[in-house]
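Secondary and tertiary structure notes
Here is how the chains run, residue by residue.
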Amino acid sequence: MKICVLPGDGIGPEIMEQALRVLDALRGDGFDFEAETALIGGCAVDATGTPYPEATSKLAKAADAILLGAVGGPQWDNLPREQRPERGLLAIRKELNLFANLRPAILYPELANASTLKPEVVAGLDILIVRELTGDIYFGQPRGIREEGGERVGFNTMVYSESEIRRIGKVAFEAARKRGKKLCSVDKMNVLECTQLWRDVMIELSADYPDVELSHMLVDNAAMQLVRAPKQFDVMVTGNMFGDILSDEASMLTGSIGMLPSASLDANNKGLYEPSHGSAPDIAGKGLANPLATILSAAMMLRYTFNLEAQAVRIENAVKKVLAAGYRTGDIYEAGTRRVGTREMGDAVIAAL
Ligand code: IPM
Ligand code: MG
């Protein structure tokens with residue numbers, strides 16, 4: 001199995017090191033892999049002038065799966081748009097057709113106090129957000145800033161074709177079928193035609209999934225319901241822009257964005273796996289970052305790309321064990337638990353494996 005490793009910027013390299021150690025510890029358990037590392041994001045800009053160099057693209061295309069740390073940092077914020085680290089991320093998603101972004105928001109019982117919401121509102125939370133990742137206003141044309149009537153006018157285009165909606169819908173219905181069999185599709189059909197089509201296609205698709213209960217919610221209401229009563233949701237499916245916003249909101253229900261993995265898949269389950277959090281430049285290089293989201297992303301990789309469910313569960317159970325034993329990095333620390341650094345957290349997971 002060929003894995004393309006993209007540590008990226010900030011805490012990326014530190015957390016990636018721990019995820020690779022965990023994968024190493026699994027070698028032999030029906031699993032072996034070859035890892036090759038390449039540059040993406042700010043470090044790639046510094047070395048080559050572009051956030052997604054040709055060599056990285058080649059390696060990513062040849063690999064079965066891609067494991068990514070994080071990209072970005074303040075030193076690259078003032079570069080022209082094409083050279084910003086985020087561009088690297090958007091480019092690899094688009095080039096590899098990684099249209100299905102799975103973002104679970106799970107609250108581990110040991111971390112119930114880490115949430116800013118009341119424990120009874122979030123205890124037992126287990127939501128999967130399925131976000132479309134290669135379309136919508138993120139990529140729609142035309143886009144830009146132009147002069148019009150003596151002033152500047154900014155414009156972007158929200159656009160979805162029927163086939164784009166149908167393929168992400170299928171992923172979401174299939175995911176719901178394997179879980180609580182409830183799917184909530186989020187749109188803004190009261191204002192936007194593009195999302196009226198979204199709703200129509202979801203309703204058409206639902207005929208193929210009589211066992212899944214489909215509901216619809218407007219995005220503003222969904223944002224409210226997520227903090228009011230988040231446990232009403234099982235799987236949510238939405239477009240790129242709404243999904244970007246709602247997935248950040250959902251992650252904070254768990255109180256610890258440092259715990260959440262994600263997968264971005266193409267039609268053949270080739271995938272890019274990355275933690276949901278960013279590059280945390282403020283703690284980079286200090287050995288303080290929480291590696292669990294990256295370790296859990298590696299588990300998602302075993303599950304979705306390599307079909308190694310048992311090995312994925314082994315990693316997830318090891319993480320649960322480590323939390324139950326009281327190990328905490330700074331982001332999830334509370335009095336009475338045991339504060340550890342990035343590497344010690346990796347050690348604890350490997351020991352628990
Ligand atoms: C995400 C991020 C990216 C996005 C940025 C970094 C381009 O916020 O993965 O959610 O907007 O998709
Ligand atoms: Mg985001």
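Worth saying up front: this structure is predicted, and the values here are computed from it rather than measured.

Attention now goes to the overall build of the protein. A count of helical and extended segments in the protein gives 12 helices and 14 strands. The globule rule puts the C-alpha radius of gyration for 353 residues at 20 Å, and the 20 Å found for the protein is close to it. Overall size of the protein, expressed as C-alpha extent along the three principal axes, is 60 × 50 × 40 Å. The 353 residues of the protein split such that 52% are buried. Long-range pairs, those at least 24 residues apart, make up 75% of the contacts in the protein between residues at least 6 apart in sequence. Element-wise, carbon and sulfur atoms account for 52% of the exposed surface of the protein, whose accessible area totals about 15100 Å². Separation between the mean location of the 38 positive side-chain charges and that of the 47 negative ones in the protein comes to 2 Å.

Looking at helix α12 (residues 342-352), one finds that the buried residues are Thr342, Met345, Gly346, Ala348, Val349 and Ala352. Looking straight down α12, one finds its buried side chains confined to an arc of 160°; they lie on one side. Next to the buried residues of α12 lie α1 (12-26), α10 (292-304), α11 (309-324) and β13 (327-328).

Turning next to the site of ligand 1. In the region of ligand 1, the neighbouring residues are Glu86, Arg93, Arg103, Arg131, Tyr138 and Asp244. One nitrogen or oxygen atom from the side chain of Arg131 is found 2.8 Å from an oxygen atom belonging to ligand 1. One of the side-chain N or O atoms of Tyr138 is found 2.5 Å from an oxygen atom in ligand 1. Relative to its free-state accessible area of 320 Å², ligand 1 is covered by the protein chains to the extent of 73%. Split into classes, the residues belonging to the shell around ligand 1 amount to 1 nonpolar, no polar and 5 charged.

Two numbers describe a pair of packed helices, the interaxial angle and the distance between the axes. Across the interface, helix α8 (residues 219-228) lies against helix α9 (residues 240-253) with an axial gap of 10 Å and an inter-helix angle of 10°. Taken together, the axes of α8 and α9 lie roughly parallel to each other. Counting all contacts with α8, which are made through Val219, Ala222, Ala223, Leu226 and Val227, the residues of α9 involved are Phe242, Leu246, Glu249, Ala250 and Leu253.

According to the domain assignment, the protein contains domain 1 (1-99 + 266-353) and domain 2 (102-260). The centre of domain 1, based on its C-alpha atoms, is set 23 Å off from the matching centre of domain 2. Here domain 1 and domain 2 share an interface that buries about 2200 Å² over both sides, 64% of which is from carbon and sulfur atoms. Among the residues of domain 1 in contact with domain 2, Arg93, Phe99 and Ser276 are the three that bury the most area, contributing 31% of the side total. For the interface between domain 1 and domain 2, the tally reads 0 salt bridges. Counting only elements with at least two residues in the side of domain 1 that touches domain 2, the list comes to α4 (85-95), α10 and α11. Looking at which element gives the most residues to the side of domain 1 that touches domain 2, the answer is α10, with 5 residues. Looking at the side of domain 1 that touches domain 2, its residues break down into 13 nonpolar, 4 polar and 7 charged.

Counting across every chain of the model gives 4 aromatic pairs. Ring geometry for Phe31 against Phe33: centres 5.3 Å apart, planes inclined by 20°, an arrangement best described as stacked. Each member of the pair, Phe31 together with Phe33, is buried. The structure contains a cluster of three or more aromatic residues connected by ring pairs, namely Phe31, Phe33 and Phe306. Cation over ring: Arg167 sits above Phe99, and NZ or CZ is 4.1 Å from the ring centre. Over the ring of Tyr333 we find Arg339, and its NZ or CZ is 4.7 Å from the ring centre.

With the rule as written, the count across this model stands at 17 salt bridges. Notably, a salt bridge pairs Asp187 with Arg199, separated by 2.7 Å at the nearest N-O pair. Residue Asp187 is found in strand β8 (residues 182-187), and its partner Arg199 is found in helix α7 (residues 193-206); the two are separated by 12 residues along the sequence. Across this residue pair, the class does not change: Asp187 and Arg199 are buried.

With that out of the way, let us pick up the packing of α1 against α10. Packing of α1 against α10 leaves a shortest axis separation of 8 Å and a crossing angle of 45°. As the angle between them shows, α1 and α10 are arranged oblique. Where α1 crosses over α10, the two elements pack in a sense that is right-handed. Residues Ile15, Met16, Gln18, Ala19, Val22, Leu23 and Leu26 of α1 touch α10, and the partners they reach there are Thr294, Ile295, Ala298, Met301 and Leu302. Its residues assigned to classes, the contact of α1 with α10 comprises 10 nonpolar, 2 polar and no charged.

Definitions and limits used
- Residues numbered from 1 in each chain as written.
- Chains lettered and ligands numbered in written order.
- Predicted model: local features only at pLDDT ≥ 70, side-chain atom pairs only at ≥ 80, totals over all residues.
- Heavy atoms only, no water.
- Helix = DSSP H or I, 4+ residues; strand = E, 2+ residues; numbered from the N terminus.
- Rg over C-alpha atoms; globule rule 2.2 N^0.38 Å.
- Buried < 20%, exposed > 50% of the residue type's maximum accessible area, 1.4 Å probe, protein only.
- Contact = heavy atoms within 4.5 Å.
- Areas by Shrake-Rupley, 256 points an atom, 1.4 Å probe, with all protein chains shown as cover.
- Lys, Arg positive; Asp, Glu negative; His and termini not counted.
- Charge placed at Lys NZ, Arg CZ, Asp CG, Glu CD.
- Arc of directions from axis to C-beta.
- Near = heavy atom within 4 Å.
- Polar contact = N/O pair within 3.5 Å; in protein donor to acceptor, adjacent residues only side chain to side chain.
- Nonpolar A, V, L, I, M, F, W, Y, C, P; charged D, E, K, R; others polar.
- Axes fitted to C-alpha atoms, helices over the stretch in contact; angles between N-to-C directions.
- Parallel < 35°, antiparallel > 145°, perpendicular 65-115°, else oblique.
- Domains from an automatic or database assignment.
- Buried area = accessible area lost by both parts, 1.4 Å probe.
- Salt bridge = Lys/Arg side-chain N within 4 Å of Asp/Glu carboxyl O.
- Phe/Tyr/Trp six-rings, centres within 6.5 Å; stacked < 30°, edge-to-face > 60°.
- Lys NZ or Arg CZ within 6 Å of the ring centre and 35° of its normal.
- Left-handed = near helix turned anticlockwise from the far one by under 90°.

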